[in-house]
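# Inside the fold
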Amino acid sequence: MTTPDLRRRTPWPALRRPGQAVLSAVLAALFLGTLGNAPAGHARSAPPRPTAADCPLRLTGTARCYTGQDANGAHWTMAVPVRWNGSLVVHAHGGPDLGDTSDPARSADDLERWAVMVDEGYAWAGSAYRRGGFGTRMAAADTENVRRLFTDHFGRPGRTYLHGQSWGGDVAAKTAETYGGRPGAYDGVLLTNGVLGGGSRGYDHRVDLRVVYQYYCRNHPRPTEPQYPLWQGVRAGSTLTPAGLGARLEECTGHTLDPAERTAAQQRSLDDILAVTRVPERTLEAHLRFATFTFRDIVTDRLGGRNPFGNRGVRYTGSHDDAALNAGVERFAPDPTARRDLSYDSDLTGKVSLPVLTLHAIDDPTAFVEHEAAYRATVHGAGRGRNLVQTFTKESEHSGLSDSEYANSLAALDAWARTGHKPAPRAIADSCERYDATYGTGCFYDPDHRPPPYASRVRPRPGGLDWPAMTAARERAWSRIGGVGIAP
């Protein structure tokens with residue numbers, strides 16, 4: 001007997017109406033419909049059917065949740081609220097996490113963190129990506145893939161929005177640029193605390209941290225250990241662990257101690273490192289971990305040992321002896337092909353045809369708010385400024401902003417997509433109180449904030465002041481060269 005495809009029998013207007021009837025049609029489509037999925041440009045295959053899963057406690061009784069794995073091995077999680085409004089949020093997670101496999105817990109954890117989107121009536125789908133490690137285009141393809149899977153399982157949503165957090169902001173922006181021009185794919189993009197400077201410039205402050213730290217601390221590596229160029233992060237065969245790195249940082253700076261308990265040498269090293277790199281003390285260890293282990297992933301695992309980073313021409317200031325620092329710090333220049341491949345993989349052209357709303361904490365200690373200045377310059381440089389609205393809050397966290405603001409941001413993006421009327425930041429700020437009445441997590445908007453240029457926070461490399469870092473023309477030229485970029 002032929003399995004009926006109930007998606008073709010359900011008119012789209014019905015899918016947009018909330019209520020149990022919608023959910024019943026959705027579940028019927030899930031269990032009776034034919035599944036199919038593959039990345040763009042490949043034949044569609046039939047992965048295993050999704051598995052019903054426990055929802056986060058917050059969503060128990062108000063949504064149905066499912067897990068599965070796509071044809072590329074990427075684990076995913078989906079949630080459909082009982083009172084579904086017919087629209088979908090496709091989530092791109094941050095990181096990148098490290099490892100060679102897909103972590104099935106990652107997308108489930110993100111659903112728990114952004115359950116507010118399901119509370120607001122949106123279905124939610126997130127991919128854990130097919131592997132850990134750096135690869136923005138790979139992650140964008142997996143994000144697009146989970147959107148297609150949702151459509152295969154539940155039918156085409158009334159509207160589909162991308163959400164990217166942290167590095168996932170870069171992934172979501174890349175997804176919008178790569179797949180957003182296709183009719184019916186996406187209707188808008190929400191980027192929260194995004195790493196929007198791209199890979200070729202977005203990690204320059206961590207390059208600076210890596211070399212400045214070694215200048216003062218001399219323990220990463222120690223003089224008695226095998227030496228390697230610092231752009232590797234850590235040598236390929238090293239057994240250093242994050243805990244071991246933290247111990248070395250503590251040994252040099254005493255950063256977890258009360259200031260009164262630090263030695264004079266520790267305090268001076270800490271003061272100089274913080275002043276020169278402009279990295280917040282509370283996230284110093286996290287930034288150094290990235291400049292160690294993620295740099296190793298980028299250089300050794302993704303670029304075959306080639307160096308995409310450089311600091312020649314950079315003058316470091318703010319220390320107790322800038323002349324000695326600049327004379328003694330390790331210097332290096334990038335391999336042009338490695339920098340090209342990292343740029344092609346992760347830099348943004350700004351050529352986006354969808355409404356894009358950003359939300360960023362002004363005191364974000366991980367993805368500095370100046371990333372928004374870089375993205376604004378990128379989008380305006382591509383002539384697409386009409387598609388961008390940026391909002392800022394007086395918060396100081398990276399991974400978690402107010403639920404009231406997330407709900408408000410989604411509503412503002414949805415109204416923009418539906419009506420075509422571009423909202424003003426102040427109007428968005430003013431509308432937050434309505435959602436705070438439900439969630440009570442606060443509204444902290446600063447509608448007058450405008451972040452200073454990216455170069456005011458991260459020292460530019462020669463030629464690094466113009467945006468986009470990768471123009472659309474350069475992207476097209478590089479795409480014609482075989483093997484350019486980072487392999488999935």
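Structure: above.
Residues numbered from 1 in each chain as written. Predicted model: local features only at pLDDT ≥ 70, side-chain atom pairs only at ≥ 80, totals over all residues. Heavy atoms only, no water.

## Focus on the overall build of the chain
- Looking only at helices and strands, the chain features 17 helices and nine strands.
- Relative to its length of 488 residues, the chain is compact, with a C-alpha radius of gyration of 23 Å against a globular reference of 23 Å.
- Across its three principal directions, the C-alpha atoms of the chain cover 75 × 45 × 45 Å.
- Evaluated residue by residue, the chain yields a buried proportion of 59% over its 488 residues.
- In the chain, once contacts between residues fewer than 6 apart in sequence are set aside, the share between residues at least 24 apart is 77%. (Helix = DSSP H or I, 4+ residues; strand = E, 2+ residues; numbered from the N terminus. Rg over C-alpha atoms; globule rule 2.2 N^0.38 Å. Buried < 20%, exposed > 50% of the residue type's maximum accessible area, 1.4 Å probe, protein only. Contact = heavy atoms within 4.5 Å.)

## A few points about the sheet that holds strand β2 (residues 63-69)
- Strand order in the open sheet formed by nine strands is β1-β2-β3-β5-β4-β6-β7-β8-β9, and the pairing between neighbours is mixed. Single-partner strands in this sheet number two, and they are β1 (51-53) and β9 (388-393). Taken pair by pair, the neighbouring strands of this sheet meet at an average axis angle of 20°, ignoring direction.
- As paired strands, β2 and strand β3 (residues 75-81) are joined by seven bridges and run antiparallel to one another. The residue bridging R64 from the neighbouring strand is V80, located in β3.
- Against the sheet, helix α5 (residues 136-154) engages β2, β3, β4 (88-92), β5 (123-127) and β6 (160-165), with an angle of about 45° to β3.
- Sheet contacts for helix α6 (residues 167-179): β4, β6 and β7 (188-192); angle to β6, the most-contacted strand, approximately 145°. (Pairing = 2+ DSSP bridges. Axes fitted to C-alpha atoms, helices over the stretch in contact; angles between N-to-C directions.)

## With respect to the nonpolar core
- Core analysis: the largest hydrophobic core is formed by 81 residues, its most contacted members being F150 and Y375.
- Beyond its immediate sequence surroundings of up to four residues, Y375 is in contact with A173, L191, L196, L348, V352, V356, T358 and L388.
- Counting residues in each nonpolar core, the second largest holds 33 residues, with L190, A412, W416 and Y445 among its members. (Core = buried A, V, L, I, M, F, W, Y, C linked by side-chain atoms within 4.5 Å.)

## What about helix α15 (residues 403-419)?
- Counted at 1.5 Å a residue, the expected span for α15 with its 17 residues is 24 Å, and the 24 Å between its end C-alpha atoms agrees.
- Most of α15 is tucked away, with 12 of its 17 residues classed as buried.
- For α15, the side-chain oxygen to backbone nitrogen distance between the N-cap and S404 is 3.1 Å, and the N-cap itself is S402.
- Just downstream of α15, G420 is the residue with a positive phi angle, here 80°. (Expected span 1.5 Å × (residues − 1). Polar contact = N/O pair within 3.5 Å; in protein donor to acceptor, adjacent residues only side chain to side chain.)

## Details of the side chain of H93
- Along the chain, H93 turns up in the loop between β4 and α3 (104-113).
- Polar side-chain contacts of H93 include one of 3.5 Å to the backbone oxygen of A128.
- If near-sequence neighbours (up to four positions away) are discounted, H93 is found in contact with R106, D110, S127, A128, Y129, Q165, W167 and G168.

## Overview of the packing of α5 against α6
- Between α5 and α6, the least distance of the axes is 8 Å, while the angle of their chain directions is 70°. As judged from the angle between their axes, α5 and α6 are roughly perpendicular. Crossing geometry of α5 relative to α6 is assigned as right-handed. Counted together, T136, R137, A139, A140, A141, T143 and E144 of α5 and W167, D170, V171, K174, T175, T178 and Y179 of α6 form the full contact between these two elements.
- Its residues assigned to classes, the contact of α5 with α6 shows six nonpolar, four polar and four charged. (Parallel < 35°, antiparallel > 145°, perpendicular 65-115°, else oblique. Left-handed = near helix turned anticlockwise from the far one by under 90°. Nonpolar A, V, L, I, M, F, W, Y, C, P; charged D, E, K, R; others polar.)

## Overview of the environment of D436
- Counting through the fold element by element, D436 comes out in helix α16 (residues 425-439).
- Judged by its relative accessible area of 23%, D436 is partly exposed.
- Sequence separation between D436 and R210 is 226 residues; the distance between their C-alpha atoms is 41 Å.
- Residues in contact with D436, not counting those within four places in the same chain, are S404, T441, G442 and C443.
- Among the polar contacts made by the side chain of D436, one reaches the main-chain amide nitrogen of T441 at a distance of 2.9 Å.

## Examining the pattern of salt bridges
- Tallied over the full model, the rule gives 22 salt bridges.
- Two residues, R248 and E225, come together in a salt bridge whose shortest N-O distance is 2.7 Å. One end of the pair, R248, is in helix α9 (residues 242-253); the other, E225, is in the loop between α8 (204-217) and α9, with 23 residues separating them in the sequence.
- With relative accessibility at 12%, the residue R248 sits in the buried group.
- Overall, the relative accessible area of 26% leaves E225 in the partly exposed class.
- Across the pair R289 and E285 runs a salt bridge whose closest N-O atoms are separated by 3.7 Å. Highlighted residues: R289 and E285, both in helix α11 (residues 284-302), separated by four residues, approximately one helical turn. (Salt bridge = Lys/Arg side-chain N within 4 Å of Asp/Glu carboxyl O.)

## Thoughts on the side chain of R130
- Position of R130 relative to the elements: it lies in the loop between β5 and α5.
- Among the residues examined, R130 registers a relative accessible area of 18% and is labelled buried.
- Only 2.6 Å separates the side chain of R130 from the side chain of D142, close enough to count as a polar contact.
- The contacts of R130, once residues within four sequence positions are left out, are N72, G73, A74, T101, S102, M138, A141, D142 and P488.

## Examining the packing of aromatic side chains
- Under the criterion given, the structure shown has 13 aromatic pairs.
- A centroid spacing of 6.1 Å and a plane angle of 85° characterise the contact between F134 and Y203, whose relative ring orientation is edge-to-face. In this pair, F134 is assigned in the loop between β5 and α5 and Y203 in the loop between α7 (199-202) and α8, connecting sequence segments 69 residues apart. Each member of the pair, F134 together with Y203, is buried.
- Judged by centre distance (4.4 Å) and plane angle (45°), the ring pair of F150 and F154 falls under tilted. On the criterion of helical spacing, the pair formed by F150 and F154 is a turn pair, its members being four residues apart in helix α5.
- Since its relative accessible area comes to 0%, F150 is described here as buried.
- Three or more aromatic residues link up through ring pairs in this structure, and these residues are Y129, F134, W167, Y203, F290, F295 and F309.
- Note that R137 overlies the ring of Y344, its terminal NZ or CZ placed 3.9 Å from the centroid.
- Positioned above the aromatic ring of F290 is the side chain of R206, whose terminal nitrogen or guanidinium carbon lies 4.0 Å from the ring centre. (Phe/Tyr/Trp six-rings, centres within 6.5 Å; stacked < 30°, edge-to-face > 60°. Lys NZ or Arg CZ within 6 Å of the ring centre and 35° of its normal.)

Function-wise, these values are silent; they only describe arrangement.
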